[in-house]
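A closer look at the structure
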Amino acid sequence: MNKFNFGEEVLVIGGGISGLSTAWFLHKVGIPFKLFEKEPETGGKISTVELHNSQLDFGPNSLRDRNGEIRQLAKELSILDDVIQISEAFKTRFIVRDAKLQRLSPSLGSLFATKIVSGKGKLRALAEPFISGKGDLDGDESVGEFLERRLGKEAVSYLADPVFSGIYAGDIYQMSKKTVLPELARYEQQYGSLVWGALRSKKEKKSVKPMVLSFRKGIQQLTDAITEKLSEHIIYDEVLSVQKLSSGYKITTEERAYEAQKVISCVPAFSLGRILEGFAPEVSALLTDIDYAPMLSTQVLFEKGQVDMQKNGFGFLVPRKENLRLLGAIWKSSIFPELSGENLHHFTLMTGGAHDRNVISDPVGEIEQEILAEFSNLMGIEEQPSMIKSRLWPKAIPQMNVGYEGIKETLSGFEQEYPGFYFGGNYRWGVSVPDCISGANGIIRSLA
């Protein structure tokens, strides 16, 4: 890779978590930079609002710090003392089956006892080690087709479908096995079974214990802290185009033009597609065509006396076969009681995704009443909430559908053809906040 010259300024496009993290890691190694953000505030889809002594996260509601990278970042930003760990409740999840919440805990006993999958469905899933596999690592197929071959249709409909809808807001019969489940694809190819692969693969020894966490002021406290540290390097101006020069690149904003040897883009694919239209029309079209699923995040507060919380857990997910509009709900005050008012139950309701694009056009008030009725019916709540507030993300999560590896290869080829230009962001590094932070750290470490 083309290494950075430590005296040359780098231009970073986009002030979401990917761009902010990239800028922070440049700052750490002493490389000068400018970060461009078109909105009045940084953070992208990380958004926290404080109301009624509660932190309402309209984007990510928790962060899974697998290797300590987020805690290290929090330490560098002087907000480590504000990290809060998720409660033990998060280990228990619920899945809706036949309009009822069915418990699922991370134990073998729970898997055998659960009513989410029938006895016949469990036997089919348990037969996975004895199901012959395709063993074709080079070929791609949908996540749904792949898991259905391995585990059976019922387990996929009632377990895999809601889980992947919750993470990617996607259609598992469109999502790419190679991109989304590369390790499981390798297990089938190498061991002929997901179970045997998991058992035989050597588990990496982790020096840092994984943690699911948030911050005392919500997830936005992380992006706000980076922004505060780097404020003098942030330019609130929209990048309109990128042009290749004989040496380096010129980016043009609404206000003026800037030149640099290195440009790192961390804006969404569709935004970068517009920016590159005059410079690289084929890549521009490829980026513009990447599908993004919409999401409506609805925050609901009830007085404690209004809700009889007999169950404790992370929340619940809804399989598409249940024919509900609601994708799922996070019981925020159960997993992070510090973030909710003392006398309140706080829930995050999720709607939209690849299966429900009408959330973009339907009146938000009507959607709120529809999903609130579904939620209240599942939870046995008869009272009206003391507060309901929503935020719509028309293009929330990139859909890594079958063939997506070809897109990534094209982007890598472009970087080779045009040294000094780099693609970053969740469509390149992964959809989660930790993926984006790790991707930013990785690119700066490899190039510094």
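Scroll up a little and you will see the structure.
How each quantity is defined
Counting restarts for each chain, with residues numbered from 1 along the sequence as it is written. Two thresholds apply to this predicted model, a pLDDT of at least 70 for residue-level local features and 80 or more for giving and counting side-chain atom pairs, whereas whole-chain, interface and lining totals are computed over all residues. As a convention, hydrogens and water are excluded, and side-chain values are obtained from all of the structure's heavy atoms. Numbering goes from the N terminus for both helices and strands, where a helix is a DSSP run of H or I of at least four residues and a strand is a run of E of at least two. The pairing criterion for strands is at least two bridges between them, as found by DSSP. Helix axes use the C-alpha atoms of the stretch in contact, all axes being lines fitted to C-alpha atoms, and the angles between their N-to-C directions lie in the range 0 to 180 degrees. Note on contacts: a residue pair is in contact if any heavy atoms of the two residues lie within 4.5 Å. Residue exposure (1.4 Å probe, protein chains only): buried if accessible area is under 20% of the type maximum, exposed if over 50%, otherwise partly exposed. Two N or O atoms form a polar contact when they lie within 3.5 Å of each other; inside protein one atom must be a possible hydrogen donor and the other a possible acceptor, and for residues adjacent in sequence the pair counts only when both atoms belong to side chains. Think of a patch as exposed residues, more than 30% relative accessible area, with no salt bridge, where like charges cluster within 9 Å and nonpolar side chains (Val, Leu, Ile, Met, Phe, Trp, Tyr) cluster within 5 Å. Accessible surface is estimated by sampling points in the Shrake-Rupley manner with a 1.4 Å probe; for residues, cover comes only from the protein chains shown. We count a salt bridge whenever a side-chain nitrogen from Lys or Arg sits within 4 Å of a carboxyl oxygen from Asp or Glu. Aromatic pairs are defined between Phe, Tyr and Trp rings, using the six-membered ring for Trp, whenever the two ring centres lie within 6.5 Å; interplanar angles under 30 degrees are classed as stacked, those over 60 as edge-to-face, and all others as tilted. Throughout this description, the term charge over a ring refers to an Arg CZ or Lys NZ atom that lies within 6 Å of the ring centre and within 35 degrees of the ring normal. By convention a nonpolar core is built from buried Ala, Val, Leu, Ile, Met, Phe, Trp, Tyr and Cys residues, the set being connected through side-chain atoms within 4.5 Å.

1. Some thoughts on the environment of Leu 123
By the secondary structure assignment, Leu 123 is in helix H4 (residues 119–126). Each C-alpha atom of the pair Leu 123 and Gly 152 lies 9.3 Å from the other, and the pair is 29 residues apart in sequence.

2. Side note on the sheet that holds strand E6 (residues 83–85)
The strand order E5-E9-E6 describes an open sheet built from 3 strands, whose pairing is antiparallel. Across the chains shown, the open sheet's two edge strands, defined by having one partner strand only, are strand E5 (63–65) and E6. Put simply, the sheet's adjacent strands are angled 45 degrees from each other on average, direction ignored. As judged from the 3 bridges shared by E6 and strand E9 (residues 211–215), these two strands associate in the antiparallel manner. Its bridge partner being in E9, Ile 84 is matched across the sheet by Ser 214.

3. Quick look at the sheet that holds strand E14 (residues 262–265)
One open sheet accounts for 5 strands, arranged E10-E2-E1-E14-E20; its pairing is parallel. The sheet is open, and its two borders are formed by strand E10 (234–235) and strand E20 (421–423), each paired with just one other strand. Along the sheet, helix H1 (residues 17–29) makes contact with strand E1 (10–13), strand E2 (33–36), E10 and E14, crossing E2 at roughly 170 degrees.

4. Concerning the side chain of Ser 105
For Ser 105, the position within the fold is in the loop between strand E8 (100–104) and helix H3 (108–113). The class of Ser 105 is buried, set by a relative accessible area of 18%. Within the local environment of Ser 105, its side chain forms a polar contact with the side chain of Thr 92, the two groups lying 3.5 Å apart.

5. Observations regarding a nonpolar patch on the surface
On the surface, a cluster of nonpolar side chains totalling about 440 Å² of accessible area is made up of Phe 130, Val 195, Trp 196 and Leu 199. With respect to the helices, strands and loops of the structure, Val 195 is situated in helix H9 (residues 194–200). Here Val 195 falls in the partly exposed class, since its relative accessible area comes to 36%.

6. Re the packing of aromatic side chains
Enumeration according to the criterion identifies 17 aromatic pairs in this entry. Here the aromatic residues Phe 94, Phe 302, Phe 316, Trp 331, Phe 347 and Phe 375 are joined through ring pairs into a cluster of three or more. Here the basic side chain of Arg 97 rests over the ring of Tyr 158, its NZ or CZ set 3.8 Å away from the ring centre.

7. Some words on the nonpolar core
One recurring pattern in soluble globular proteins: nonpolar side chains tend to sit buried together. Counting 44 residues, the largest nonpolar core has Phe 164, Leu 287, Phe 423 and Tyr 427 as the members making the most contacts within it. Each residue touching Phe 164, except ones within four places of it in the same chain, is listed here: Val 143, Leu 147, Ala 169, Gly 170, Ile 172, Met 175, Val 180 and Leu 181. Counting 40 residues, the second-largest nonpolar core is a separate cluster that includes Ile 70, Ala 74, Ile 226 and Cys 266.

8. Looking at the pattern of salt bridges
Under the defined criterion, the tally for this structure stands at 21 salt bridges. Across the salt bridge formed by Arg 97 and Asp 98, the nearest N and O atoms sit 3.9 Å from each other. Linking Glu 128 and Arg 150 is a salt bridge whose minimum nitrogen-to-oxygen distance equals 2.8 Å. Note that Glu 128 is positioned in the loop between H4 and helix H5 (143–151) and Arg 150 in helix H5, a separation of 22 residues in sequence. Neither residue differs from the other here; Glu 128 and Arg 150 are each classed as buried. Members of the salt-bridge network, linked through shared partners, are Glu 128, Glu 141, Arg 149, Arg 150, Lys 177 and Glu 188.

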